[in-house]
Amino acid sequence: MTSEKDIIQSSEGQGRVFDAPSGHWVYRALPAWLWPYAQLARWDRPIGWWLLLWPCWWSVALASSAGAKVGDSVWSIIPSPWHLALLLIGAVAMRGAGCTYNDLADQDIDNQVARTRSRPLPSGQVTRKQAKIFIALQALVGLLVLIQFNGFTILLSIASLVIVAIYPFMKRFTNWPQLVLGLAFSWGALVGWAAHFGAPATLKDFLPPLLLYAGSILWVIGYDTIYAHQDKEDDALVGVGSTARLFGSRTREALMVLYGGALVLFLWAFAMAEVPMPAVAGLLAAGAHMYRQIMVLDIDDPAQCLRLFHSNKVVGWLIFAGLVLGALWTVVKPFF
């Protein structure tokens, strides 16, 4: 007999959302009445908070390894575990709040798209009032995280809410909603640096995270274009825009420009921050992974598009590991 967690959710019954795995811990560990809230926050699809987290962690690692040299202590050149933990909690909470907000804004559109019709709001598993209360609770967690940082970081983080607020509506007016998503999802590239150094004395002092931010924006546009190819036919019917629809058969060429530009900006950020040279190895490995994504991409295979989108978590790990291990090289170098 098919269990409830193996059924795709609809207005006729509860189950999992279309693009969530049936074996996920959400459906095994949580009581069924909590499933709709986990689905609103995308706890059953954690790739989103990973992708939101990576620019934050890159920025903290970039800041801590900036100017690292032989003789520095280990604890002075590796990212603060406290900051990493706070940013992780904040990414999960604010990604969840943002997704809940997006679902409220997109309820009518989601009901017309096959992949999103099973979400809690269009399938009637939660009310709009319940979703709004859930946003407030997640935002409260985000606020508790935020006040652990310095004043400049708090103000900088609050400024990002303007971008978050307008993002769900961009696809109604432009084929570039992925650009606005990039502006929002990359904001952590500024926040991590600010958490480490505080307010910059000059614009030049803030140039490394700005370059990291710009590169991350291109990366986000790239991977979300791949993701958007899953919905391009439904998007065309509904009348919403995306870079997947804009680039069409030229997506591979567009990704070359986007991913290539991201890598150049990341390398420039590394150079401006004067991170140890071995950190570039992680960037080269990430570049190889991005290139593979482009070469194997089949824009007419939704399942493959989803897999390639998910694989960008590997890009995040490679760049982060490169920064951390590159900094640690300055500690172990004297022994070789």
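Being a predicted model, the structure only gives us computed values, none of them experimental.

Thresholds applied
Residues numbered from 1 in each chain as written. Predicted model: local features only at pLDDT ≥ 70, side-chain atom pairs only at ≥ 80, totals over all residues. Heavy atoms only, no water. Helix = DSSP H or I, 4+ residues; strand = E, 2+ residues; numbered from the N terminus. Rg over C-alpha atoms; globule rule 2.2 N^0.38 Å. Buried < 20%, exposed > 50% of the residue type's maximum accessible area, 1.4 Å probe, protein only. Contact = heavy atoms within 4.5 Å. Core = buried A, V, L, I, M, F, W, Y, C linked by side-chain atoms within 4.5 Å. Salt bridge = Lys/Arg side-chain N within 4 Å of Asp/Glu carboxyl O. Polar contact = N/O pair within 3.5 Å; in protein donor to acceptor, adjacent residues only side chain to side chain. Phe/Tyr/Trp six-rings, centres within 6.5 Å; stacked < 30°, edge-to-face > 60°. Arc of directions from axis to C-beta. Axes fitted to C-alpha atoms, helices over the stretch in contact; angles between N-to-C directions. Parallel < 35°, antiparallel > 145°, perpendicular 65-115°, else oblique. Left-handed = near helix turned anticlockwise from the far one by under 90°. Nonpolar A, V, L, I, M, F, W, Y, C, P; charged D, E, K, R; others polar.

A. Up close: the overall build of the protein chain. The secondary structure content of the protein chain amounts to 18 helices and zero strands. Taken over C-alpha atoms, the radius of gyration comes to 20 Å for the protein chain, in line with the 20 Å a tight globule of 336 residues would show. In terms of principal-axis extent, the alpha carbons of the protein chain reach across some 65 × 45 × 40 Å. Considering the protein chain as a whole, with its 336 residues, one finds that 54% of them fall into the buried category. Across the protein chain, every contact between residues at least 6 apart in sequence was considered, and the portion connecting residues at least 24 apart equals 73%.

B. Spotlight on the nonpolar core. Core analysis: the biggest nonpolar cluster contains 72 residues, and L62, W219 and I319 have the highest contact counts within it. It is helix α3 (residues 47–65) that provides the largest number of residues to this core, a total of 14 residues. By size, the runner-up hydrophobic cluster in this structure holds nine residues, among which are L40, L121, F134 and I135.

C. Here's a closer look at the pattern of salt bridges. Across all of its chains, the model carries ten salt bridges by this definition. Between D106 and R172 there is a salt bridge whose closest N-O contact spans 3.3 Å. Placement of D106 in the loop between α5 (81–105) and α6 (107–110) and of R172 in the loop between α9 (161–170) and α10 (177–185) is noted, with a sequence separation of 66 residues between them. The exposure class of R172 is partly exposed, given its relative accessible area of 32%. Across the pair K232 and D300 runs a salt bridge whose closest N-O atoms are separated by 3.0 Å. Here K232 is found in helix α13 (residues 232–238), whereas its partner D300 is found in the loop between α16 (280–296) and α17 (302–310), with 68 residues between them in sequence. On the basis of relative accessibility, which here comes to 16%, the residue K232 falls in the buried class. D300 sits in the exposed class, given a relative accessible area of 58%. Within this structure, R42, D103, D110 and R119 form a network of salt bridges that share partners.

D. Looking closely at the side chain of T153. For T153, the location among the structural elements is in helix α8 (residues 151–159). Within the structure, the side chain of T153 is placed 3.2 Å from the backbone oxygen of A194, a separation counted as a polar contact. Once residues lying within four places of it in the same chain are set aside, the contact partners of T153 are L146, V191, A194 and A195.

E. Main features of the packing of aromatic side chains. Evaluated as defined, the whole model comprises 22 aromatic pairs. Ring geometry for Y27 versus W35: centroids 5.0 Å apart, planes at 80 degrees, classification edge-to-face. Across the pair, W35 and Y27 agree in class, each one buried. Seen in terms of ring centroids, W176 and F247 are 5.7 Å apart; in terms of plane orientation they differ by 80 degrees. Their pairing is edge-to-face.

F. Highlighting the side chain of R115. Looking at where R115 falls in the secondary structure, it is placed in the loop between α6 and α7 (128–146). Among the polar contacts listed, one links the side chain of R115 to the side chain of D231, at a separation of 2.5 Å. Here R115 is in contact with F18, D19, Y227, Q230 and D231, once residues within four sequence places are set aside.

G. Representation of the environment of M295. Checked against the element boundaries, M295 lands in helix α16. In sequence terms M295 and I217 are 78 residues apart; their C-alpha atoms lie 21 Å from each other. With near-sequence residues (within four places) excluded, M295 lies in contact with R252 and M256.

H. A look at unusual backbone geometry. The phi dihedral of R42 falls on the positive side, at around 65 degrees, and the residue is not glycine. Checked against the element boundaries, R42 lands in the loop between α2 (35–40) and α3. A positive phi angle, near 55 degrees, is found at E274, a position not held by glycine. Tracing the backbone through its elements, the reader meets E274 in the loop between α15 (251–273) and α16.

I. Structural context of the environment of V126. When you line up the elements, V126 lands in the loop between α6 and α7. The class of V126 is buried, set by a relative accessible area of 6%.

J. Spotlight on α9. Buried within α9 we find I163, Y167 and P168. Along α9, the residues classed as buried sweep out an arc of 130 degrees about the axis, all on the same side. Next to the buried residues of α9 lie α5, α8, α10 and α12 (207–228).

K. View of the packing of α3 against α5. Relative orientation of the contacting elements α3 and α5 amounts to 150 degrees, with a least axis distance of 9 Å. If you check the angle between α3 and α5, you find them roughly antiparallel. The handedness of the crossing between α3 and α5 comes out as right-handed. Taken together, the residues of α5 that come into contact with α3 (itself represented by G48, W49, L52, L53, C56, W57 and V60) are L84, L87, L88, A91, V92 and R95. Partitioning the contact of α3 with α5 into residue classes produces eleven nonpolar, one polar and one charged.

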